[in-house]
Every structure is written in structure tokens, then in C-alpha cells.
Amino acid sequence: MAAMEKLRIDKWLWAARFYKTRSLAAQELDKGRVQLNGHAVKPAHEIKPGDKLMLRQGTVLREVQVLGLSMQRGPAPVAQAL
């Protein structure tokens, strides 16, 4: 199977365990609480390795770099590698 080059941002946020569900990730994207490379984006926007995300979860602000893509939610150690 060929490696993925792009993935919807809401799927990635869910697979990387930042949010419990894809719909919750989509809500946060719609509210502008997640930025991709400094810009607010829609849930269907595609991301690729090397992209930088800013996530606001409550009072916590996280800066994350996309290292890998996954279509499915795996164990925490796998998610952390994304």
C-alpha cells in the first residue's frame, strides 16, 4: 500500500488523539480554535507531513508539527508519532 500524502485535518486530529471524536474536531475547527500554518481552516482541509498546527484546548495552547498521517485511531504511542 502506498503511503498517504494528504489527509483531512479533522481525521488527523482524531487519529492523533487530540479529540475524542471527528465531529468534536470538526466543531473546534469551525470555531477557529485550530489553525494550520497560521490560518483558520475548514474540517475538510487537507494536511500533509511538515504542516504546523496551533490548537487551543481550554486554556492550553499547543503547537504541533505533523510528522505522519493515519486514517485510523491507534494506540497512544502510535498517535504520538503522528
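Quick note: structure is the one above.
Residues numbered from 1 in each chain as written. Predicted model: local features only at pLDDT ≥ 70, side-chain atom pairs only at ≥ 80, totals over all residues. Heavy atoms only, no water.

Undergrad: Looking at this model, I keep getting lost on the environment of Ala79. Mind explaining?
TA: Within the secondary structure, Ala79 is located in helix 3 (residues 76–80). Separated by 62 residues in sequence, Ala79 and Arg17 place their C-alpha atoms 6.3 Å apart. Apart from the residues within four sequence positions on either side, Ala79 is in contact with Ala15, Ala16 and Arg17. (Helix = DSSP H or I, 4+ residues; strand = E, 2+ residues; numbered from the N terminus. Contact = heavy atoms within 4.5 Å.)

Undergrad: Before we go on, may I ask you to explain the pattern of salt bridges in this structure?
TA: Opposite charge on two side chains permits them to pair, given that their charged atoms come into close proximity. Applying the stated criterion to the full structure yields four salt bridges. Here Arg22 ties to Asp10 by a salt bridge, and the two come within 3.4 Å at their closest N and O atoms. On the criterion of sequence distance, the pair formed by Arg22 in helix 2 (residues 22–30) and Asp10 in helix 1 (residues 9–15) is long-range, its members being twelve residues apart. Assessed through its relative accessible area of 33%, Arg22 is described here as partly exposed. A relative accessible area of 3% places Asp10 in the buried class. Connected through salt bridges with shared partners, the residues Arg8, Asp10 and Arg22 form a single ionic network. (Salt bridge = Lys/Arg side-chain N within 4 Å of Asp/Glu carboxyl O. Buried < 20%, exposed > 50% of the residue type's maximum accessible area, 1.4 Å probe, protein only.)

Undergrad: Before we go on, may I ask you to explain the pairing of strand 5 (residues 52–57) in this structure?
TA: Consecutive side chains along a regular strand alternate between the two faces of the sheet. Here strand 2 (residues 34–36) runs beside strand 5; their pairing, made up of three bridges, is antiparallel. In the sheet register, Val34 faces strand 5, and the bridge partner there is Leu55. Taken together, the six bridges between strand 5 and strand 6 (residues 60–65) define a ladder with antiparallel strand orientation. Considered in strand 6, the bridge of Leu55 is made with Arg62. Between strand 5 and strand 6, which pair antiparallel one after the other, the connecting turn spans two residues, and Gly58 there sits at a positive phi close to 70°. (Pairing = 2+ DSSP bridges.)

Undergrad: Any chance you could explain helix 2 here in plain terms?
TA: Each α-helix turn comprises 3.6 residues. Residues three or four places apart therefore point the same way. Residues of helix 2 that are buried include every one of Ala25, Ala26, Glu28 and Leu29, and no others. Seen from one end, helix 2 has its buried residues packed into an arc of 160°, which puts them on one side. A positive backbone phi angle near 80° is found at Gly32, which sits one or two residues after helix 2. (Arc of directions from axis to C-beta.)

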